[in-house]
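Structural characterization, general
The residues making up each chain are set out below.
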Number of protein chains: 2
Amino acid sequence: MVKLLNMNDLSKKQISKCEHCSLRHVCFPGGLSDDELGIFEGSISKVIKIKKKQKLFGRGDKLHAVYAIKAGSVKSFLTNPEDEQTQVLGFHLPGDLLGFDGFANQLHSCDVVAMEDSQLCELPVDNFEQLCEILPGLRKVMMQQVGNEISRHHSLVLTLGKMQTEERLATYLLRLSCYYKSRGYSCTEFNLPMPRHDLANFLGMAPETLSRMFARLEAAKVVTILRRQVVILDVQKLHDLSHELCRQPASD
Amino acid sequence: MVKLLNMNDLSKKQISKCEHCSLRHVCFPGGLSDDELGIFEGSISKVIKIKKKQKLFGRGDKLHAVYAIKAGSVKSFLTNPEDEQTQVLGFHLPGDLLGFDGFANQLHSCDVVAMEDSQLCELPVDNFEQLCEILPGLRKVMMQQVGNEISRHHSLVLTLGKMQTEERLATYLLRLSCYYKSRGYSCTEFNLPMPRHDLANFLGMAPETLSRMFARLEAAKVVTILRRQVVILDVQKLHDLSHELCRQPASD
DNA sequence: CGCCCAGTTGATTGCTATCAAGGAGGGTGG
DNA sequence: CCACCCTCCTTGATAGCAATCAACTGGGCG
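Residues numbered from 1 in each chain as written. Chains lettered and ligands numbered in written order. Predicted model: local features only at pLDDT ≥ 70, side-chain atom pairs only at ≥ 80, totals over all residues. Heavy atoms only, no water.

Brief notes about the relation of the copies chain A and chain B
Between the two copies of this chain, the relationship is a rotation about some axis together with a displacement along it. In screw terms, the move from chain A to chain B is a rotation of 180° and a rise of 0.0 Å along the axis, fitting with an RMSD of 0.0 Å. Overall, the copies show the geometry of a two-fold rotation axis. A share of 100% of interface residues in chain A that are also interface residues in chain B marks the association as one of identical surfaces. (Least-squares fit on C-alpha atoms with pLDDT ≥ 70 in both. Contact = heavy atoms within 4.5 Å.)

Considering the packing of helix 4 (residues 136–162) of chain A against helix 4 (residues 136–162) of chain B
Here helix 4 of chain A crosses helix 4 of chain B at 15°, and the two axes come no closer than 10 Å. As far as their axial angle goes, helix 4 of chain B and helix 4 of chain A are roughly parallel. Pair helix 4 of chain A / helix 4 of chain B crosses with left-handed handedness. Touching A:R139, A:M142, A:M143, A:V146, A:E149, A:I150, A:H153, A:H154, A:L156, A:V157, A:L160 and A:G161 of helix 4 of chain A are B:R139, B:M142, B:M143, B:V146, B:E149, B:I150, B:H153, B:H154, B:L156, B:V157, B:L160 and B:G161, all from helix 4 of chain B. Of the residues assigned to the contact of helix 4 of chain A with helix 4 of chain B, the class counts are 14 nonpolar, 6 polar and 4 charged. (Axes fitted to C-alpha atoms, helices over the stretch in contact; angles between N-to-C directions. Helix = DSSP H or I, 4+ residues; strand = E, 2+ residues; numbered from the N terminus. Parallel < 35°, antiparallel > 145°, perpendicular 65-115°, else oblique. Left-handed = near helix turned anticlockwise from the far one by under 90°. Nonpolar A, V, L, I, M, F, W, Y, C, P; charged D, E, K, R; others polar.)

Observations regarding the interface of chain A and chain B
Listed by partner, the interface residues are 44 residues for chain A and 44 residues for chain B. In this structure, the connection of chain A to chain B is made through 2 salt bridges. Salt-bridge contacts for A:R139 lead to B:E133; the nearest nitrogen and oxygen are separated by 3.2 Å. At the boundary of chain A with chain B, the tally comes to 8 residue pairs in polar contact (both at pLDDT 80 or more). Put simply, the parts of the chain that give the side of chain A that touches chain B at least two residues each are strand 5 (86–92), helix 3 (125–134) and helix 4 of chain A. (Salt bridge = Lys/Arg side-chain N within 4 Å of Asp/Glu carboxyl O. Polar contact = N/O pair within 3.5 Å; in protein donor to acceptor, adjacent residues only side chain to side chain.)

Concerning the environment of A:L210
All names here are of chain A. Along the chain, L210 turns up in helix 7 (residues 207–219). Linking L210 and A200, residues 10 residues apart in sequence, is a C-alpha distance of 5.8 Å. Not counting residues within four places of it along the chain, the set of residues in contact with L210 comprises L169, R196, L199, A200, L203 and M205.

Side note on the sheet that holds strand 2 (residues 55–57) of chain A
The strands making up a sheet are joined through hydrogen bonds of the backbone, oriented either antiparallel or parallel. Strand order in the open sheet formed by 4 strands is 2-7-4-5 (chain A), with antiparallel pairing between adjacent strands. At either end of the open sheet lies a strand with only one pairing partner, and these are strand 2 and strand 5 of chain A. For this sheet the average axis-to-axis angle between neighbouring strands, irrespective of direction, equals 30°. Both strand 4 (residues 74–79) of chain A and strand 7 (residues 111–114) of chain A contribute to a ladder of 4 bridges, which runs antiparallel. Looking at strand 7 of chain A, one finds that A:V74 is bridged to A:A114. The strands that helix 4 of chain B touches are strand 4 and strand 5 of chain A; relative to strand 5 of chain A, the one it contacts most, it runs at about 120°. (Pairing = 2+ DSSP bridges.)

Written out as structure tokens, the structure reads:
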């Protein structure tokens, strides 16, 4: 069906063109051939925009789509209904994929909200399953993403289970540094995408403790912190403190 | 090709027949139609047996296959080469699937060793990928398993990040109880598949602390412990202590 | 029978949570 | 444009939980 395009259609079309997206290589399309990409692009329903603090999906919501972050940042977390206590599970930045937690029983098992105004590419699960059938490359990418997510969680478990607070922070700063490097940004100067409160929660410590650890790292001339702006002064020392090898670029 | 079967062949054939496996419904075949199952069965290369303390695969090993536990129990863990420190990531019991951690880059990212003599069904990844192409049911099961694994990790992160030691133990005992129930065993009397050392490590505490928490639970008449034998006396109280809803049957 | 390892129990230290108060931006309204 | 407030963050003092060190107990196994 041929159809006239007005300006609106045109602009919509363009934002969902993976081909021109700077994140192409780290997102789903990264493992797709050009032919496959053509088919794939047609199935992204749209780019959705969510405002700061707005929820993308919540625990118990029906799995409707998987998402790729195009711009902005979001956090995922579990909330215990009884005592209002929450655990931040991860921070997700451009290029990250979201929503796999809903594959278990078609219901999301965690909440995801935007930490700032963000844009996400939405890929409805129905389309996704069909695409998996016809695009071998997509299955491969999918499996890689799953593997990455698992590895990331392993790392988080190690961090929470074995490290003390200073090590946890050092480890996370290195991880973030790797992320920015992998995206072509400076790996020594960057901004924390989240407030102290959330980062402390994620790292399993009190906000006060996080603040003290930042202060300690500054005193040791390892980093400088000004509000959310981080400058890594001594990567080696940070590594020594982290006691963990930064095995792979990752964002949470 | 018709071929004479000797006793050996026959027994080998039978152990890889998913159709007759008591774990069929919780394993890969659970989501497959009868037709699909026929195709699937042919691709399991073999049932492998590993002895206690023997390694199934290690970090850095090439991803060769995914595995389903048929009998026994194994643990997965990360080891930090620098300080010999390890973090147990999970305990895996019959019906559980293993090996997805290697999907990221075709290399396993953790170690897996047997806690007792065990049997596992091995499904080479090459076969697996081919099967995914032709068996929609397998893709579905695969996605479910992935979702489960993610949910389980979320839960573990919550446990390690937010709970104190008693809550962690209570939560884990309930989880184990759910597992046994889902497999048709008693949910109030069961054996711990792992030594104290490993359980303490998994739960992010010192073995001495674990011992004290067991003692505390016994003193509160919540459970009785004799070596590895656990009897849950008061499920409700255990629930209250755990501060977490047992959302789904899981084994780690 | 005795060794050895797993597990328990006790005493102490130390890290981190908690409670409390003070300071610094950023936004809003006057 | 300034004052105010509110949130985020930092800093200090205290308390509590769990790690560590150490000694002991009891099975399992050769």
